[in-house]
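Structural features, examined
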Amino acid sequence: MKVPFAGFALRDLQQYCSEREIAVVHAATLMRAVYKESDFEPWKKPLLPLKLVKSLPEDFDFVTSTIAKARVSRYDQSVKFLVQLSDSHVIEMVLMPETKRLTLCISTQVGCRQGCLFCHTATMGLKRNLLAHEIVEQIVLANRWLAQNPGWLSEVRLPAFTRVTNMVMMGMGEPLDNVDAVIKAIEILTEPLGAHLALRRISVSTAGHKDGLVQLLAAYPKAAVALSLHEADSDKRSKIMPINKKWPVEEILRFLRDHYAVHNPRASILVQYLVIAGVNDTLAHAAAVADLLEGLPVKVNLIPLNEISGGRFVAPEARVLGAMRDLIHHRKLRVMVRYSKGQDIGAACGQLAAKAELPPT
Ligand code: SF4
(Lines give C-alpha, C1' and ligand atoms only; values in the text may rest on other atoms or scores of the structure.)
Protein backbone atom coordinates (compact mmCIF):
# COMPACT_ATOMS: atom_id res chain seq x y z
CA MET A 1 0.00 0.00 0.00
CA LYS A 2 1.25 3.48 -0.84
CA VAL A 3 2.00 5.94 1.96
CA PRO A 4 1.82 9.75 1.76
CA PHE A 5 5.24 11.28 1.10
CA ALA A 6 4.35 14.51 2.92
CA GLY A 7 4.13 12.60 6.21
CA PHE A 8 7.84 11.75 6.04
CA ALA A 9 10.44 13.90 7.78
CA LEU A 10 14.04 13.80 6.53
CA ARG A 11 14.99 11.22 9.16
CA ASP A 12 12.10 8.96 8.03
CA LEU A 13 13.26 9.18 4.42
CA GLN A 14 16.83 8.43 5.46
CA GLN A 15 15.56 5.35 7.26
CA TYR A 16 13.56 4.37 4.16
CA CYS A 17 16.76 4.61 2.09
CA SER A 18 18.99 2.75 4.52
CA GLU A 19 16.44 -0.10 4.88
CA ARG A 20 16.84 -0.57 1.11
CA GLU A 21 20.61 -0.17 1.20
CA ILE A 22 20.40 3.09 -0.73
CA ALA A 23 22.74 5.96 0.18
CA VAL A 24 20.89 8.24 2.62
CA VAL A 25 22.06 11.32 0.75
CA HIS A 26 19.21 10.70 -1.70
CA ALA A 27 16.67 11.48 1.03
CA ALA A 28 17.75 15.13 0.77
CA THR A 29 17.38 15.05 -3.03
CA LEU A 30 13.77 13.92 -2.62
CA MET A 31 12.96 16.60 -0.03
CA ARG A 32 14.45 19.26 -2.30
CA ALA A 33 12.57 18.04 -5.37
CA VAL A 34 9.14 17.97 -3.70
CA TYR A 35 9.32 21.02 -1.42
CA LYS A 36 11.63 23.39 -3.29
CA GLU A 37 10.87 22.45 -6.90
CA SER A 38 7.23 21.26 -6.58
CA ASP A 39 8.27 18.13 -8.49
CA PHE A 40 5.84 15.31 -7.72
CA GLU A 41 7.57 12.74 -9.92
CA PRO A 42 11.01 12.87 -8.32
CA TRP A 43 11.84 9.34 -9.46
CA LYS A 44 12.43 10.87 -12.90
CA LYS A 45 15.36 12.91 -11.61
CA PRO A 46 18.70 12.06 -13.21
CA LEU A 47 21.32 10.14 -11.24
CA LEU A 48 18.91 8.50 -8.78
CA PRO A 49 19.79 4.85 -8.00
CA LEU A 50 17.70 2.41 -10.02
CA LYS A 51 16.28 0.85 -6.83
CA LEU A 52 14.83 4.23 -5.85
CA VAL A 53 13.53 4.94 -9.35
CA LYS A 54 11.54 1.72 -9.09
CA SER A 55 10.40 1.87 -5.47
CA LEU A 56 9.34 5.54 -5.19
CA PRO A 57 6.21 5.43 -7.40
CA GLU A 58 5.27 2.04 -5.90
CA ASP A 59 5.64 3.13 -2.28
CA PHE A 60 4.56 6.79 -2.15
CA ASP A 61 1.63 9.01 -2.96
CA PHE A 62 3.32 12.33 -3.55
CA VAL A 63 0.14 14.40 -3.13
CA THR A 64 -3.09 13.01 -1.69
CA SER A 65 -5.21 16.21 -1.62
CA THR A 66 -6.36 18.45 -4.45
CA ILE A 67 -7.46 22.06 -4.80
CA ALA A 68 -11.18 21.80 -5.56
CA LYS A 69 -11.78 25.53 -5.85
CA ALA A 70 -9.83 28.81 -5.65
CA ARG A 71 -11.47 32.23 -5.27
CA VAL A 72 -9.51 35.46 -5.54
CA SER A 73 -10.72 38.48 -3.56
CA ARG A 74 -11.42 41.59 -5.64
CA TYR A 75 -10.51 43.80 -2.69
CA ASP A 76 -7.15 42.51 -1.49
CA GLN A 77 -6.23 39.67 -3.90
CA SER A 78 -6.15 37.08 -1.12
CA VAL A 79 -7.05 33.62 -2.37
CA LYS A 80 -9.35 31.22 -0.58
CA PHE A 81 -8.90 27.56 -1.47
CA LEU A 82 -11.16 24.62 -0.89
CA VAL A 83 -8.98 21.56 -0.54
CA GLN A 84 -10.47 18.12 -1.06
CA LEU A 85 -8.89 15.36 1.02
CA SER A 86 -8.55 11.77 -0.16
CA ASP A 87 -11.72 10.76 1.74
CA SER A 88 -13.65 13.66 0.11
CA HIS A 89 -13.80 15.82 3.23
CA VAL A 90 -13.17 19.45 2.43
CA ILE A 91 -10.99 21.93 4.32
CA GLU A 92 -9.99 25.46 3.53
CA MET A 93 -6.85 27.53 3.38
CA VAL A 94 -6.24 31.19 2.56
CA LEU A 95 -3.23 32.76 0.85
CA MET A 96 -2.70 36.34 2.02
CA PRO A 97 -0.27 38.65 0.22
CA GLU A 98 1.44 41.45 2.12
CA THR A 99 4.22 43.84 1.16
CA LYS A 100 7.07 41.43 1.70
CA ARG A 101 5.35 38.32 2.91
CA LEU A 102 3.10 35.65 1.59
CA THR A 103 1.21 34.05 4.45
CA LEU A 104 -0.79 30.85 4.20
CA CYS A 105 -3.54 30.27 6.76
CA ILE A 106 -4.10 26.52 7.03
CA SER A 107 -6.54 24.12 8.68
CA THR A 108 -5.63 21.41 11.17
CA GLN A 109 -8.98 19.61 11.57
CA VAL A 110 -12.09 18.93 9.52
CA GLY A 111 -14.52 20.97 11.64
CA CYS A 112 -13.87 21.57 15.34
CA ARG A 113 -15.29 20.35 18.62
CA GLN A 114 -14.58 23.45 20.71
CA GLY A 115 -17.98 25.03 20.10
CA CYS A 116 -17.02 28.72 20.18
CA LEU A 117 -20.33 30.54 19.84
CA PHE A 118 -19.37 32.97 17.06
CA CYS A 119 -17.46 30.49 14.88
CA HIS A 120 -18.81 29.00 11.67
CA THR A 121 -16.50 25.97 11.82
CA ALA A 122 -17.99 25.09 15.21
CA THR A 123 -21.37 24.49 13.56
CA MET A 124 -19.85 21.51 11.69
CA GLY A 125 -18.70 19.76 14.87
CA LEU A 126 -15.50 17.74 14.61
CA LYS A 127 -15.45 15.38 11.64
CA ARG A 128 -11.85 14.29 12.09
CA ASN A 129 -8.29 15.40 12.76
CA LEU A 130 -6.02 16.07 9.82
CA LEU A 131 -3.04 13.76 9.52
CA ALA A 132 0.43 15.33 9.47
CA HIS A 133 0.78 14.90 5.71
CA GLU A 134 -2.57 16.66 5.15
CA ILE A 135 -1.29 19.66 7.10
CA VAL A 136 2.01 19.70 5.16
CA GLU A 137 0.31 19.23 1.79
CA GLN A 138 -1.52 22.54 2.17
CA ILE A 139 1.81 24.34 1.69
CA VAL A 140 2.75 21.98 -1.13
CA LEU A 141 -0.54 22.71 -2.92
CA ALA A 142 -0.28 26.47 -2.36
CA ASN A 143 3.28 26.55 -3.71
CA ARG A 144 2.28 24.54 -6.75
CA TRP A 145 -0.65 26.92 -7.36
CA LEU A 146 1.81 29.83 -7.20
CA ALA A 147 4.08 28.12 -9.74
CA GLN A 148 1.08 27.69 -12.04
CA ASN A 149 -0.27 31.23 -11.55
CA PRO A 150 2.68 33.63 -11.97
CA GLY A 151 0.28 36.40 -13.03
CA TRP A 152 -1.18 36.53 -9.51
CA LEU A 153 2.26 37.23 -8.01
CA SER A 154 2.80 40.18 -10.35
CA GLU A 155 -0.70 41.50 -9.53
CA VAL A 156 0.14 41.55 -5.84
CA ARG A 157 3.58 43.04 -6.61
CA LEU A 158 5.61 40.18 -5.20
CA PRO A 159 8.73 39.00 -7.04
CA ALA A 160 8.29 36.15 -9.51
CA PHE A 161 9.01 32.76 -7.94
CA THR A 162 7.90 33.92 -4.46
CA ARG A 163 6.59 31.00 -2.45
CA VAL A 164 4.79 30.84 0.91
CA THR A 165 6.98 32.65 3.47
CA ASN A 166 4.81 32.40 6.59
CA MET A 167 2.24 29.99 7.87
CA VAL A 168 -0.49 30.49 10.44
CA MET A 169 -2.55 27.61 11.81
CA MET A 170 -5.74 29.66 12.13
CA GLY A 171 -8.03 27.96 9.66
CA MET A 172 -10.51 25.25 10.56
CA GLY A 173 -9.93 23.48 13.85
CA GLU A 174 -8.15 23.90 17.18
CA PRO A 175 -4.54 22.97 16.26
CA LEU A 176 -3.67 21.86 19.79
CA ASP A 177 -6.53 19.36 19.79
CA ASN A 178 -4.43 17.65 17.12
CA VAL A 179 -1.04 18.39 18.60
CA ASP A 180 0.82 15.21 17.57
CA ALA A 181 0.12 15.86 13.88
CA VAL A 182 0.95 19.56 14.30
CA ILE A 183 4.33 18.73 15.88
CA LYS A 184 5.16 16.27 13.11
CA ALA A 185 4.11 18.77 10.41
CA ILE A 186 6.34 21.44 11.97
CA GLU A 187 9.29 19.02 11.87
CA ILE A 188 8.69 18.40 8.15
CA LEU A 189 8.05 22.04 7.22
CA THR A 190 11.08 23.47 9.04
CA GLU A 191 13.52 20.99 7.44
CA PRO A 192 16.26 23.16 5.83
CA LEU A 193 16.68 20.73 2.95
CA GLY A 194 12.92 20.78 2.24
CA ALA A 195 10.30 23.50 2.70
CA HIS A 196 12.67 25.33 5.09
CA LEU A 197 10.14 27.54 6.85
CA ALA A 198 11.74 29.15 9.89
CA LEU A 199 10.05 28.16 13.15
CA ARG A 200 9.39 31.83 13.96
CA ARG A 201 7.43 32.10 10.71
CA ILE A 202 4.94 29.42 11.80
CA SER A 203 2.27 30.60 14.18
CA VAL A 204 0.05 28.16 16.05
CA SER A 205 -3.27 29.64 17.08
CA THR A 206 -5.16 28.32 20.08
CA ALA A 207 -8.36 29.08 21.95
CA GLY A 208 -6.41 28.14 25.11
CA HIS A 209 -5.68 24.39 25.05
CA LYS A 210 -3.29 23.93 27.98
CA ASP A 211 -2.38 20.26 27.47
CA GLY A 212 -1.61 20.90 23.81
CA LEU A 213 0.46 23.97 24.67
CA VAL A 214 2.53 22.00 27.15
CA GLN A 215 3.21 19.33 24.53
CA LEU A 216 3.92 21.78 21.69
CA LEU A 217 6.29 23.93 23.74
CA ALA A 218 8.09 20.87 25.10
CA ALA A 219 8.80 19.83 21.50
CA TYR A 220 9.47 23.38 20.21
CA PRO A 221 10.18 25.74 23.13
CA LYS A 222 10.38 28.72 20.76
CA ALA A 223 7.21 27.96 18.80
CA ALA A 224 5.14 31.10 18.15
CA VAL A 225 1.70 30.95 19.72
CA ALA A 226 -1.32 33.17 19.02
CA LEU A 227 -3.98 33.15 21.71
CA SER A 228 -7.58 33.74 20.62
CA LEU A 229 -8.88 35.79 23.54
CA HIS A 230 -12.14 37.41 22.34
CA GLU A 231 -13.34 38.16 25.92
CA ALA A 232 -11.23 39.09 28.93
CA ASP A 233 -13.75 38.41 31.70
CA SER A 234 -13.33 34.73 32.50
CA ASP A 235 -16.99 34.02 33.33
CA LYS A 236 -18.22 35.71 30.18
CA ARG A 237 -15.48 34.04 28.15
CA SER A 238 -16.66 30.62 29.30
CA LYS A 239 -20.07 31.44 27.82
CA ILE A 240 -18.74 32.16 24.33
CA MET A 241 -15.68 29.87 24.42
CA PRO A 242 -16.44 26.70 26.41
CA ILE A 243 -12.72 25.71 26.51
CA ASN A 244 -12.32 28.46 29.12
CA LYS A 245 -14.22 26.33 31.65
CA LYS A 246 -11.48 23.70 31.54
CA TRP A 247 -8.50 26.02 31.12
CA PRO A 248 -9.26 29.59 32.28
CA VAL A 249 -7.49 32.22 30.22
CA GLU A 250 -5.55 33.53 33.25
CA GLU A 251 -3.96 30.10 33.66
CA ILE A 252 -3.01 30.01 29.97
CA LEU A 253 -1.45 33.49 30.09
CA ARG A 254 0.51 32.65 33.26
CA PHE A 255 1.81 29.49 31.65
CA LEU A 256 2.87 31.30 28.46
CA ARG A 257 4.49 34.16 30.39
CA ASP A 258 6.55 31.77 32.54
CA HIS A 259 7.50 29.58 29.61
CA TYR A 260 8.72 32.39 27.35
CA ALA A 261 10.54 34.14 30.23
CA VAL A 262 12.82 31.09 30.37
CA HIS A 263 12.92 29.90 26.77
CA ASN A 264 12.42 32.95 24.56
CA PRO A 265 12.57 36.18 26.58
CA ARG A 266 12.34 38.42 23.51
CA ALA A 267 9.18 36.77 22.17
CA SER A 268 5.77 38.40 22.29
CA ILE A 269 2.55 36.48 22.66
CA LEU A 270 0.12 37.41 19.92
CA VAL A 271 -3.36 37.95 21.35
CA GLN A 272 -6.23 37.94 18.86
CA TYR A 273 -9.48 39.64 19.85
CA LEU A 274 -12.38 39.23 17.46
CA VAL A 275 -14.66 42.23 17.94
CA ILE A 276 -18.39 41.49 17.64
CA ALA A 277 -21.02 44.24 17.84
CA GLY A 278 -23.12 44.01 20.99
CA VAL A 279 -21.07 41.10 22.36
CA ASN A 280 -17.57 42.33 23.28
CA ASP A 281 -17.18 45.80 21.76
CA THR A 282 -17.52 48.32 24.59
CA LEU A 283 -14.85 50.41 26.26
CA ALA A 284 -15.45 48.31 29.38
CA HIS A 285 -14.43 45.25 27.35
CA ALA A 286 -11.30 47.05 26.15
CA ALA A 287 -10.44 48.06 29.73
CA ALA A 288 -10.84 44.44 30.85
CA VAL A 289 -8.42 43.37 28.09
CA ALA A 290 -5.89 45.93 29.29
CA ASP A 291 -6.32 44.79 32.92
CA LEU A 292 -5.85 41.13 32.01
CA LEU A 293 -2.78 41.71 29.85
CA GLU A 294 -1.06 44.42 31.90
CA GLY A 295 2.68 43.78 32.20
CA LEU A 296 2.66 40.79 29.84
CA PRO A 297 4.81 40.62 26.67
CA VAL A 298 1.87 40.71 24.26
CA LYS A 299 0.83 42.20 20.95
CA VAL A 300 -2.93 42.63 20.64
CA ASN A 301 -4.77 42.40 17.32
CA LEU A 302 -8.35 43.70 17.30
CA ILE A 303 -10.09 41.97 14.40
CA PRO A 304 -13.58 43.09 13.37
CA LEU A 305 -15.90 40.16 12.75
CA ASN A 306 -16.20 39.10 9.12
CA GLU A 307 -19.99 38.84 8.84
CA ILE A 308 -21.52 35.86 7.12
CA SER A 309 -24.85 36.11 5.38
CA GLY A 310 -27.63 34.76 7.55
CA GLY A 311 -25.31 34.75 10.59
CA ARG A 312 -26.52 36.19 13.88
CA PHE A 313 -23.40 38.19 14.69
CA VAL A 314 -22.63 41.64 13.33
CA ALA A 315 -19.39 43.50 12.67
CA PRO A 316 -18.56 46.47 14.93
CA GLU A 317 -18.47 50.10 13.75
CA ALA A 318 -15.07 51.50 12.77
CA ARG A 319 -15.27 54.26 15.42
CA VAL A 320 -15.90 51.64 18.13
CA LEU A 321 -12.81 49.72 17.03
CA GLY A 322 -10.73 52.91 17.06
CA ALA A 323 -11.91 53.79 20.58
CA MET A 324 -11.07 50.29 21.87
CA ARG A 325 -7.64 50.44 20.25
CA ASP A 326 -6.91 53.88 21.75
CA LEU A 327 -7.90 52.77 25.25
CA ILE A 328 -5.68 49.69 25.11
CA HIS A 329 -2.84 51.74 23.60
CA HIS A 330 -3.05 54.29 26.43
CA ARG A 331 -2.62 51.43 28.87
CA LYS A 332 0.84 50.89 27.30
CA LEU A 333 0.06 47.71 25.40
CA ARG A 334 0.98 47.13 21.77
CA VAL A 335 -2.27 47.00 19.82
CA MET A 336 -3.50 47.33 16.26
CA VAL A 337 -6.71 46.86 14.30
CA ARG A 338 -6.37 44.18 11.65
CA TYR A 339 -9.04 43.60 9.06
CA SER A 340 -9.44 40.00 7.98
CA LYS A 341 -8.56 39.36 4.37
CA GLY A 342 -10.93 38.24 1.67
CA GLN A 343 -14.16 39.74 3.02
CA ASP A 344 -15.88 39.15 -0.33
CA ILE A 345 -14.80 35.50 -0.67
CA GLY A 346 -16.07 34.08 2.60
CA ALA A 347 -12.72 34.09 4.34
CA ALA A 348 -14.19 33.73 7.84
CA CYS A 349 -13.06 30.44 9.32
CA GLY A 350 -15.15 27.52 8.07
CA GLN A 351 -17.34 29.66 5.87
CA LEU A 352 -16.66 27.99 2.54
CA ALA A 353 -15.99 24.45 3.66
CA ALA A 354 -19.18 24.22 5.72
CA LYS A 355 -21.14 25.04 2.59
CA ALA A 356 -19.17 22.84 0.26
CA GLU A 357 -18.75 19.50 1.99
CA LEU A 358 -18.47 17.17 -0.97
CA PRO A 359 -20.28 13.84 -1.05
CA PRO A 360 -18.15 10.83 -0.10
CA THR A 361 -16.99 8.67 -2.99
S1 SF4 B 1 -12.83 29.56 16.93
FE2 SF4 B 1 -11.25 27.99 16.58
S3 SF4 B 1 -11.35 26.74 18.47
FE4 SF4 B 1 -13.25 27.91 18.41
S5 SF4 B 1 -14.74 26.55 17.38
FE6 SF4 B 1 -13.80 27.88 15.80
S7 SF4 B 1 -12.11 26.69 14.98
FE8 SF4 B 1 -12.68 25.76 16.94
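What comes next concerns the included structure. (Residues numbered from 1 in each chain as written. Predicted model: local features only at pLDDT ≥ 70, side-chain atom pairs only at ≥ 80, totals over all residues. Heavy atoms only, no water.)

1. Here we look at the overall build of the chain
- Secondary structure summary: the chain contains 13 helices and 14 strands in total.
- Expected size for 361 residues packed as a compact globule is a radius of gyration near 21 Å; at 21 Å, the chain falls within 12% of this value.
- Summarising its shape, the C-alpha atoms of the chain cover approximately 70 × 45 × 40 Å along the three principal directions.
- Out of the 361 residues in the chain, the part that is buried amounts to 54%.
- Taking contacts inside the chain between residues at least 6 apart in sequence as the whole, the part at least 24 apart equals 66%.
- In the form shown here, the chain has an accessible surface area of approximately 16,400 Å², with 54% of it arising from carbon and sulfur atoms. (Helix = DSSP H or I, 4+ residues; strand = E, 2+ residues; numbered from the N terminus. Rg over C-alpha atoms; globule rule 2.2 N^0.38 Å. Buried < 20%, exposed > 50% of the residue type's maximum accessible area, 1.4 Å probe, protein only. Contact = heavy atoms within 4.5 Å. Areas by Shrake-Rupley, 256 points an atom, 1.4 Å probe, with all protein chains shown as cover.)

2. So, the packing of helix α6 (residues 179-189) against helix α7 (residues 210-219)
- Two elements in contact, α6 and α7, have axes separated by 10 Å at closest approach and are oriented at 20°. Relative to α7, α6 is oriented roughly parallel. Like other packed secondary-structure pairs, α6 and α7 cross with a definite hand, here right-handed. Together, Val179, Asp180, Val182, Ile183 and Ile186 of α6 and Gly212, Gln215, Leu216 and Ala219 of α7 make up the contact between the two elements.
- Residue composition of the contact of α6 with α7, grouped by class: six nonpolar, two polar and one charged. (Axes fitted to C-alpha atoms, helices over the stretch in contact; angles between N-to-C directions. Parallel < 35°, antiparallel > 145°, perpendicular 65-115°, else oblique. Left-handed = near helix turned anticlockwise from the far one by under 90°. Nonpolar A, V, L, I, M, F, W, Y, C, P; charged D, E, K, R; others polar.)

3. What to know about the site of the ligand
- Near the ligand you find Cys112, Gln114, Gly115, Cys116, Cys119, Ala122, Gly173 and Ala207, and these make up its full shell.
- Here the residues of the shell around the ligand are counted per class, giving five nonpolar, three polar and no charged. (Near = heavy atom within 4 Å.)

4. Side note on the packing of aromatic side chains
- The tally for this structure, following the rule as stated, stands at nine aromatic pairs.
- Through a chain of ring-to-ring contacts, three or more aromatic side chains come together here, namely Phe5, Phe8, Tyr16, Tyr35, Trp43, Phe60 and Phe62.
- When the ring centre of tyrosine 75 is taken as reference, the NZ or CZ atom of arginine 74 above it lies at 5.7 Å. (Phe/Tyr/Trp six-rings, centres within 6.5 Å; stacked < 30°, edge-to-face > 60°. Lys NZ or Arg CZ within 6 Å of the ring centre and 35° of its normal.)

5. Notes on the pattern of salt bridges
- By the definition in use, this model includes 20 salt bridges.
- Linking lysine 44 and glutamate 41 is a salt bridge whose minimum nitrogen-to-oxygen distance equals 2.6 Å.
- One network of salt bridges, with partners in common, ties together Glu19, Arg20 and Asp59. (Salt bridge = Lys/Arg side-chain N within 4 Å of Asp/Glu carboxyl O.)

6. Overview of the environment of lysine 222
- Within the secondary structure, lysine 222 sits in the loop between α7 and β11 (224-228).
- Lysine 222 sits 23 residues away from leucine 199 along the chain, and the two C-alpha atoms are 7.6 Å apart.

7. Topic: the side chain of aspartate 12
- Structurally, the position occupied by aspartate 12 is in helix α1 (residues 10-19).
- For aspartate 12, a relative accessible area of 16% translates into the label buried.
- Not counting residues up to four positions away in its chain, the partners in contact with aspartate 12 are Gly7 and Lys184.

8. As for the pairing of strand β12 (residues 269-275)
- Taken across its seven residues, β12 has seven buried, putting it largely inside the fold.
- Note: β11 against β12, three bridges, orientation parallel. Counted as the bridge partner of leucine 227 is valine 271 from β12.
- Of the pairings in the sheet, the one linking β12 to strand β13 (residues 298-304) comprises seven bridges and is parallel in character. Paired with tyrosine 273 across the two strands is leucine 302, which belongs to β13. (Pairing = 2+ DSSP bridges.)

9. As for the nonpolar core
- Counting residues in hydrophobic clusters, the biggest one holds 111 residues, and the most contacted among them are Tyr35, Leu95, Phe118, Trp152, Leu216, Leu293 and Leu302.
- Sort the elements by how many residues they give to this core and helix α4 (residues 132-148) lands first, with nine residues. (Core = buried A, V, L, I, M, F, W, Y, C linked by side-chain atoms within 4.5 Å.)

10. A closer look at the sheet that holds strand β9 (residues 166-169)
- With respect to topology, ten strands assemble into an open sheet ordered β3-β4-β5-β6-β9-β10-β11-β12-β13-β14, the strand pairing being mixed. Taken across any chain shown, the strands that pair with only one partner, and hence form the sheet edges, are β3 (66-72) and β14 (334-337). Here the average twist between neighbouring strands, direction ignored, is 20°.

11. A few points about unusual backbone geometry
- The phi torsion at leucine 47 lies on the positive side, around 70°, for a residue other than glycine.
- Mapping leucine 47 onto the fold places it in the loop between α2 (25-37) and α3 (50-59).
- Accessibility expressed as a relative area gives 83% for leucine 47, which makes it exposed.
- Located in the positive-phi region is serine 88, a residue other than glycine, with phi close to 75°.

12. Description of the pairing of β3
- In terms of strand pairing, β3 meets strand β4 (residues 79-84) through six bridges, oriented antiparallel. Bridge pairing in β4 places isoleucine 67 opposite valine 83.
- Counting the residues that bridge the hairpin from β3 to β4 gives six residues, and of these glutamine 77 lies at a positive phi of roughly 65°.

13. A word on α3
- Taken as a whole, α3 has its buried residues at Leu52, Ser55 and Leu56. Looking down the long axis of α3, one finds its buried residues gathered within 110° of arc, a one-sided arrangement. Opposite its buried face, α3 presents the exposed residues Leu50 and Lys54, each directed more than 90 degrees away.
- Against α1, α2 and β2 (60-61) lie the buried residues of α3. (Arc of directions from axis to C-beta.)

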